[in-house]
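The primary structure of each chain is shown beneath.
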Amino acid sequence: MTMFAPTNEAFQRYNDEMDDNLVLYHISNLATTLTNLDYAISSELDGNPPLWITRRRDTMHDDIYVNNAKVYITRSYQAVNGKGKLQVLHVIDQVLQPLQPLGPMSTTTPVYNPNAYQFLEHSDVFNIGQHRLRSFRQKVNQLQKKEVFNADGRHTFFIPVEEGFKPTARSDFIDEKVIDGHVIPHHVLFTKATPEGQEFESLAFSDNVKVIISFSVAVNGQEELTYVKSNTVAGDAKHTRGVVLADIVRANIPVKNGVVHLIQRPLMVVDTSVIDFLKEKEDGPLCKFYEVIMDLGENNQFLNELTLAKDITLFAPSNEAWNENSVQNIIRNHQKLREILKLHLVRERLPLDAIIHNNMNQIYQAPTAAARKYLYFNVVNSNSNQTLTVEGGGVNATVTQPNIAATNGFVHIIDRVLGVPYTTVFEKIKTDPMLNITYNLGKRQMFNHQLNEMEHRYTYFVPRDHAWLKFQIRHPSAYKALFREDYGYYTKQILERHVIRAGRSYTVSDLKLMANETHPIILPTTRDPLKLRVKESDKNYYVEWNGHWIHVFRPDVECTNGIIHVIDEPFVLESDIRLTGSAEKTRVAYTYFLLFVSYTFVKILGN
């Protein structure tokens, strides 16, 4: 025999019925060691339903699961009994839950080891809580897709419960393709045994329509919620591209031909607006965002726009993102909150592939609903994975769930609230992908260290990498000298010209009020006074310094101790160029001189 024995702790978490059937489901009449475990092993429960085995090879060592329970590999044990028969014990971290009838099985329709279709057809006689499956069952039979759920082999099935058909028109969207989109063939996927985010082709994966399915996990307070998402990567007139997210309301129901997950709504069906998606479930992945919006009360322009707009993209902070202390403080300030919410809204449809395409040759910026405020995108490639980050108002967030499709646009779930700073000026330039060169220059003579102080407020005009690379093309010797350790003094002097340290920091609009195209403002820096003029043209800001109008590529990047303005040209004087350039030439000439002296000395010794 083989016995799968749950730990005491596993039983403490188990709340369902405990009887002889439960014991029999943990036993097989074959002695099977870890190395001999195949994809399934028959149990001793009536009908011999299979126990499904999963080997996860995405970690340093193989993890083995039986159904949704992890096997403690080092605790497996084997012995020979008095009759010379081998017996094997595997310790597991969960109690295995068989599919059980509500009461004694009917003698007219006994179903002891049902496949997915038999489970769907007779779901009322099984113990699946309050869930009913009538509407989906009707569609499967009406569309003659019985064979999909009857198929022999190893498959994963997603079945929407009755509550998912509350909008009565929803069932009209379900056709043969959508039914196929609820099945992953040739894989038995239990939630814990399947890596989060790993994508699998659904049965709806053909030349015209391509649907992939994956699991995702979200945290809501102390509770961890598991979702399944269908991603229609190629669609047609009937099947909209994008992601549909469904809460798994009852997971890991083992059946003869795989596993069934009951889900809160149908996959692939895009029939809700952006605002409807936010409020679809009280404990949904964006329920806190919806609460914040509704707390703004009457004359809620942001809510009105989400409701009425035809083409929008919403970058929606996750529930966890709203728990930050700095965010909690902002929520109480309704005027500030209105501006922050607008920062999350773009008035056009921006699916992930469009953002990536727009970002190929330059950093893509998208105008938001907040006046003169943009979102900036960066795509990080790691192995075969692509991660999208978005910055707004000085906050860099990661898109954790892109492309949720709605009737009037897209929702991308992000891990931070934009516009609520959480980093100092120092931390921002250290981590921002377009400010690497300025950060590295600031390492000279520890210039950057002051930017971590909270006693002062900084306004830092930071040249982006592109600005320094243009400077390198025009002045290669001077650029090279800036990075030499022995010329750190010159580098520090140049950077000091870019920083205003005072009792307050200045937004670009503040500076524009203080200075315009004709009347400059003089601001104190550690180096020498910074004389600027400011203008606005075609929704962009420009500062005039030393006779040059310089584009402010990203204005008002807020930090906890100041503001950064990302600019397209460094504040470098001709005298700086001559000084660093000539210094570099002198260094090269001196090196050649030393080489010549050494060579001459060696030659004399040789003679």
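Here the structure is a predicted model, which means the values were calculated and not measured.

**A short note on the overall build of the chain**
For step 1, the next point in the chain: Helix and strand counts for the chain stand at 19 helices and 29 strands.
For step 2, the next point in the chain: Whereas a compact globule of 607 residues would reach a radius of gyration of roughly 25 Å, the chain reaches 32 Å, over 25% beyond that.
For step 3, the next point in the chain: In terms of its C-alpha atoms, the chain occupies a principal-axis envelope of roughly 100 × 85 × 50 Å.
For step 4, the next point in the chain: With an accessible surface of roughly 29,600 Å², the chain has 49% of that area assigned to carbon and sulfur atoms.
For step 5, the next point in the chain: Distance from the positive charge centre (64 side chains) to the negative charge centre (68 side chains) of the chain: 6 Å.

**Considering the domain arrangement of the chain**
For step 1, the next point in the chain: What the domain assignment reports for the chain is domain 1 (2-92), domain 2 (116-271), domain 3 (275-414) and domain 4 (425-582).
For step 2, the next point in the chain: Here domain 2 and domain 4 have C-alpha centroids that lie 54 Å from each other.

**What to know about the sheet that holds strand β4 (residues 50-56)**
For step 1, the next point in the chain: If you trace the 4 strands from one edge of the open sheet to the other, you get β3-β4-β5-β6, paired in antiparallel fashion. Both outer strands of the open sheet, β3 (40-42) and β6 (69-70), are each paired with one neighbouring strand and no more.
For step 2, the next point in the chain: In terms of strand pairing, β3 meets β4 through 3 bridges, oriented antiparallel. Bridged to serine 42 within β4 is proline 50.

**Quick notes on the environment of histidine 26**
For step 1, the next point in the chain: Relative to the helices and strands, histidine 26 is located in the loop between α2 (20-25) and β2 (27-28).
For step 2, the next point in the chain: Taking the relative accessible area as the measure of exposure, histidine 26 reaches 5% and is therefore buried.
For step 3, the next point in the chain: Along the primary structure histidine 26 and alanine 5 are separated by 21 residues, whereas in three dimensions their C-alpha atoms are 7.0 Å apart.
For step 4, the next point in the chain: If near-sequence neighbours (up to four positions away) are discounted, histidine 26 is found in contact with Thr2, Met3, Phe4, Pro6, Ile92, Val95 and Leu96.
For step 5, the next point in the chain: A distance of 3.0 Å separates the side chain of histidine 26 from the backbone nitrogen of leucine 96, its partner in a polar contact.

**As for the pattern of salt bridges**
For step 1, the next point in the chain: Applying the stated criterion across every chain, the model contains 27 salt bridges.
For step 2, the next point in the chain: For arginine 170, the salt bridge identified is with aspartate 271, shortest N-O distance 2.9 Å. Pair noted here: arginine 170 is in the loop between β9 (155-160) and α6 (176-180) and aspartate 271 is in the loop between β15 (258-263) and α7 (274-279), with a separation of 101 residues, a long-range link.
For step 3, the next point in the chain: The exposure class of arginine 170 is buried, given its relative accessible area of 3%.
For step 4, the next point in the chain: By relative accessible area, aspartate 271 is classed as partly exposed at 21%.
For step 5, the next point in the chain: Across the pair aspartate 510 and arginine 504 runs a salt bridge whose closest N-O atoms are separated by 2.9 Å.
For step 6, the next point in the chain: Given a relative accessible area of 22%, aspartate 510 falls into the partly exposed group.
For step 7, the next point in the chain: Taking the relative accessible area as the measure of exposure, arginine 504 reaches 39% and is therefore partly exposed.
For step 8, the next point in the chain: Bridged by salt links that share partners, the residues Arg170, Arg265, Asp271 and Glu280 form one connected network.

**Side note on the nonpolar core**
For step 1, the next point in the chain: With 37 residues, the main nonpolar core has Leu278, Phe289, Leu306, Leu314 and Leu341 as its most contacted residues.
For step 2, the next point in the chain: Taken domain by domain, the makeup of this core includes at least three residues from each of domain 2 (116-271) and domain 3 (275-414).
For step 3, the next point in the chain: Excluding residues that lie within four positions of it along the chain, phenylalanine 289 makes contacts with Leu278, Phe302, Leu314, Ala316, Pro317, Trp322 and Leu341.

**Quick notes on the UniProt feature "domain: FAS1" (unreviewed entry) in the chain**
For step 1, the next point in the chain: Residues annotated in UniProt with the feature "domain: FAS1" (unreviewed entry) correspond here to residues 1-96, 113-267, 273-418 and 422-571.
For step 2, the next point in the chain: Strand forms 32% of residues 273-418 and helix 31%; the C-alpha atoms that close the span are 22 Å apart.
For step 3, the next point in the chain: Structurally, residues 422-571 comprises 31% helix and 31% strand, and the distance from its first C-alpha atom to its last is 28 Å.

**A short note on the sheet that holds strand β1 (residues 2-6)**
For step 1, the next point in the chain: Pairing in this open sheet of 4 strands is mixed, and the strands run β2-β1-β8-β7 from one edge to the other. On the outer flanks of this sheet lie β2 and β7 (77-80), each paired with one strand and no other.
For step 2, the next point in the chain: Taken together, the 2 bridges between β1 and β2 define a ladder with antiparallel strand orientation. By the bridge assignment, threonine 2 is partnered in β2 with serine 28.

**With respect to the confidence of the model for the chain**
For step 1, the next point in the chain: For the chain, mean pLDDT is 89; residues scoring 70 or higher make up 93% of the total.
For step 2, the next point in the chain: The model gives residues 584-594 a pLDDT under 50, and that stretch makes 9 contacts with residues more than four places away or in other chains.

**Points about the environment of tyrosine 489**
For step 1, the next point in the chain: If you trace the backbone, tyrosine 489 turns up in helix α17 (residues 488-496).
For step 2, the next point in the chain: Overall, tyrosine 489 belongs to the partly exposed group, its relative accessible area being 49%.
For step 3, the next point in the chain: For tyrosine 489 and phenylalanine 447, which are 42 residues apart along the polypeptide, the C-alpha to C-alpha distance reads 10.0 Å.

Here is what the cut-offs are and how they apply
Sequence order as written defines the numbering, with residues in each chain counted from 1. Predicted model: local features are reported for residues with pLDDT of at least 70 only, side-chain atom pairs are reported and counted for 80 or more only, and whole-chain, interface and lining totals are derived from all residues. With hydrogens and water excluded, all non-hydrogen atoms of the structure serve as input to the side-chain values. Per the convention used, a helix needs a DSSP run of H or I reaching at least four residues, while a strand needs a run of E reaching at least two, with both numbered from the N terminus. With C-alpha atoms as the basis for the radius of gyration, the globule rule is written as 2.2 Å multiplied by the number of residues raised to the power 0.38. Shrake-Rupley sampling with a 1.4 Å probe provides the accessible areas, and residues are treated as covered by the protein chains on show and by no other component. The convention is simple: Lys and Arg are positive, Asp and Glu are negative, and His and the chain ends are not counted. Where a charge sits is defined by one atom per residue type, namely NZ (Lys), CZ (Arg), CG (Asp) or CD (Glu). Start and end points for every domain follow an automatic or database-based domain assignment. In this analysis, strands are considered paired if DSSP registers two or more bridges between them. Each residue is assigned to one of three classes by its accessible area relative to the maximum for its type, calculated with a 1.4 Å probe on protein chains only: buried under 20%, partly exposed between the two thresholds, exposed over 50%. We call two residues contacting when some pair of their heavy atoms lies within 4.5 Å. For this analysis, a polar contact is any N or O atom pair within 3.5 Å, provided that within protein one partner can donate a hydrogen and the other can accept it, and provided that sequence-adjacent residues contribute only side-chain to side-chain pairs. A side-chain nitrogen of Lys or Arg and a carboxyl oxygen of Asp or Glu constitute a salt bridge if their distance falls within 4 Å. Nonpolar cores were defined as sets of buried Ala, Val, Leu, Ile, Met, Phe, Trp, Tyr and Cys residues, with membership established by side-chain atoms within 4.5 Å. UniProt positions are given in the numbering used here, feature names are shortened, and annotations may be inferred rather than shown by experiment. The predictor attaches a confidence to each residue, and that confidence, scored 0 to 100, is pLDDT.

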